[in-house]
Amino acid sequence: MKTPTRNDEAIQLLEPFLAADPRHLAAFDTSPMGHEIPLANLIDPTRAASSEFFDRLGVLDGLTFGPEGMPMPRWLFYEASAFTGGIFGFAFRVETLPADLRVRLRLADDATGLVPVAMYIAIPADPPRVWYGHNLASLNRVLPELKLAGLASITKALGLRCFRCEEQIGATQWDSTALHVHTKFGPLGLLTAWTPAHAFTHSLTYRLPVAEAGLRSAMGDPDAPPIDRPEPEFEIAADDHDAMRELQRRIEAGERFVITGPPRVDVNRVQHTPVAVMPSA
Ligand SMILES: CC(C)(COP(=O)(O)OP(=O)(O)OC[C@H]1O[C@@H](n2cnc3c(N)ncnc32)[C@H](O)[C@@H]1OP(=O)(O)O)[C@@H](O)C(=O)NCCC(=O)NCCS
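This section reports on the structure supplied with the text. These figures come from a predicted structure and were not determined experimentally.

**Notes on the overall build of the chain**
Argument step 1. For the chain, the helix and strand inventory stands at eight helices and 12 strands.
Argument step 2. In summary, the chain has a C-alpha radius of gyration of 19 Å against a globular reference of 19 Å for 281 residues, a match within 12%.
Argument step 3. With respect to the principal axes defined by its C-alpha atoms, the chain has extents near 55 × 35 × 35 Å.
Argument step 4. Counting across all 281 residues of the chain, residues that qualify as buried make up 50%.
Argument step 5. Here the analysis covers contacts within the chain between residues at least 6 apart in sequence; of these, 69% occur between residues at least 24 apart.
Argument step 6. By element, 53% of the accessible surface of the chain is carried by carbon and sulfur atoms, the whole surface being about 13300 Å².

Below, the structure is given as structure tokens:
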């Protein structure tokens, strides 16, 4: 039985897909939470016929990460995504899309097949159970007429289950709206708070222990068990680089912190992310 989501209407119209090396398929759950990936939607990156599908993943990435200044080079979809890890997502069939949307999604008049509208990309960080999630994209905000609310959260939840991930590492920016999504899964342990090794120094690195309650809650299952969250002790404002550097100094000195829940957005549209101190290991 499919675990319900907060947007079953959209999920019924969409088809799940997985792009991964067929030699790794046994490592994946191809029916995550009952959302079965049809055999025809298992995309083999080593076949030339998959080229068009990867073109379309590039369009999805360009429409979402492009404006964020972080579009992925094409080779990364192969080397650090489908071949070494997996790309799980949801797609429409071209035939179901209205003509104006086909133009916006750069589809040829005679295009057929799957058009991805959301993807979660992860690669093993400490195989087989620790994965690094490096791309989460959804066209919900870009194409509101498709009514895809909740799609990134649903995609990440089912992607984590598909990859059989038990601990997820990720990096994001303190001003990223994606923090609203990642925090739905539970408290996020902070590994870095200021990250000069990343192209964006104001990135944080987090560690998420993946739990059933977090997955079901994030995807909007009304019967999801509650998530335990510590009380926040302070906030990091997305424009306060000094606070990020100071938190990084404390992390490097051995203190432990978690992001406890979703950011608060103030009247100037600045995000404030709640943080709690954890007992040291
Ligand atoms: C961020 C992104 C993945 C969200 O996709 P989505 O399908 O709209 O996400 P969801 O609907 O599952 O959840 C978004 C949550 O953020 C909240 N949110 C708050 N402010 C927001 C904003 N300015 N923009 C988007 N979401 C916002 C939404 O209300 C929603 O929470 P809710 O479900 O409690 O209402 C998508 O906009 C995207 O692809 N952005 C560009 C790429 C990116 O930044 N990826 C993440 C990298 S770590």
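Still to come is the rest of the account.
**Re the pairing of strand S5 (residues 130–138)**
Argument step 1. For S5, a buried count of seven out of nine residues is recorded, marking the element as mostly surrounded by other parts of the structure.
Argument step 2. Connecting strand S4 (residues 114–126) to the next strand, S5, in antiparallel fashion are three residues.
Argument step 3. Direction of pairing for S5 relative to strand S6 (residues 167–173): parallel, over a ladder of four bridges. Of the residues in S6, the one forming a bridge with Trp131 is Gln168.
Argument step 4. Chirality of the crossover, the property in question, places the unit of S5, helix H5 (residues 151–162) and S6 among those that are right-handed.

**Brief notes about the packing of helix H2 (residues 51–64) against helix H3 (residues 74–82)**
Argument step 1. At a minimum axis distance of 10 Å, the contact between H2 and H3 shows a crossing angle of 105°. As far as their axial angle goes, H3 and H2 are roughly perpendicular. Along the contact surface, H2 presents Ser51, Phe54, Asp55, Leu57, Gly58 and Asp61, while H3 presents Arg74, Phe77 and Ala82.
Argument step 2. Of the residues in the contact of H2 with H3, the class split is four nonpolar, two polar and three charged.

**A short note on the environment of Ser153**
Argument step 1. Summarising the element assignment, Ser153 is placed in helix H5.
Argument step 2. Each C-alpha atom, one on Ser153 and one on His182, is 7.8 Å from the other, the two residues being 29 residues apart in sequence.
Argument step 3. Not counting residues within four places of it along the chain, the set of residues in contact with Ser153 comprises Val181, Lys184, Phe185 and Ala218.
Argument step 4. Side-chain polar atoms of Ser153 contact the side chain of Lys184, separated by 3.1 Å.

**Side note on helix H8 (residues 241–252)**
Argument step 1. For H8, spanning 12 residues, the distance from its first C-alpha to its last is 16 Å, which sits close to the expected 16 Å at 1.5 Å a residue.
Argument step 2. Within the span of H8, buried status applies to Met244, Leu247, Gln248 and Ile251. When H8 is viewed along its axis, its buried side chains cluster within an angular range of 105° and face the same direction.
Argument step 3. Close packing links the buried residues of H8 with strand S7 (188–192), strand S9 (234–237) and strand S10 (256–259).
Argument step 4. Positive phi shows up at Gly254, right after H8, with a value of about 110°.

**Some details on the pattern of salt bridges**
Argument step 1. One pass over the structure, following the stated rule, counts 14 salt bridges.
Argument step 2. For Arg93, the salt bridge goes to Glu15, with nearest N and O atoms at 2.9 Å. In this pair, Arg93 is assigned in strand S3 (residues 86–93) and Glu15 in strand S1 (residues 15–19), connecting sequence segments 78 residues apart.
Argument step 3. The exposure class assigned to Arg93 is partly exposed, which follows from its relative accessible area of 27%.
Argument step 4. For Arg161, the salt bridge is made with Glu212, and the minimal N-O distance between the two is 2.7 Å. Within this pair, whereas Arg161 is found in helix H5, its partner Glu212 is found in helix H7 (residues 212–219), the two being separated by 51 residues in sequence.
Argument step 5. It is possible to trace a salt-bridge network through shared partners that takes in Arg161, Glu212, Arg216 and Asp221.

**Description of the packing of H5 against H7**
Argument step 1. Contact geometry of H5 with H7 gives a least axis separation of 7 Å together with a crossing angle of 150°. Of the possible angle classes, the one that applies to H5 and H7 is roughly antiparallel. In this structure, the crossing between H5 and H7 has a hand that is left-handed. Facing H5, whose interface residues are Ser153, Ile154, Ala157, Leu158, Leu160 and Arg161, H7 presents Glu212, Leu215, Ala218 and Met219.
Argument step 2. Considered class by class, the residues forming the contact of H5 with H7 number seven nonpolar, one polar and two charged.

Calculation notes
- Residues numbered from 1 in each chain as written.
- Predicted model: local features only at pLDDT ≥ 70, side-chain atom pairs only at ≥ 80, totals over all residues.
- Heavy atoms only, no water.
- Helix = DSSP H or I, 4+ residues; strand = E, 2+ residues; numbered from the N terminus.
- Rg over C-alpha atoms; globule rule 2.2 N^0.38 Å.
- Buried < 20%, exposed > 50% of the residue type's maximum accessible area, 1.4 Å probe, protein only.
- Contact = heavy atoms within 4.5 Å.
- Areas by Shrake-Rupley, 256 points an atom, 1.4 Å probe, with all protein chains shown as cover.
- Pairing = 2+ DSSP bridges.
- Right-handed = clockwise from strand over helix to strand, strands pointing away.
- Axes fitted to C-alpha atoms, helices over the stretch in contact; angles between N-to-C directions.
- Parallel < 35°, antiparallel > 145°, perpendicular 65-115°, else oblique.
- Nonpolar A, V, L, I, M, F, W, Y, C, P; charged D, E, K, R; others polar.
- Polar contact = N/O pair within 3.5 Å; in protein donor to acceptor, adjacent residues only side chain to side chain.
- Expected span 1.5 Å × (residues − 1).
- Arc of directions from axis to C-beta.
- Salt bridge = Lys/Arg side-chain N within 4 Å of Asp/Glu carboxyl O.
- Left-handed = near helix turned anticlockwise from the far one by under 90°.

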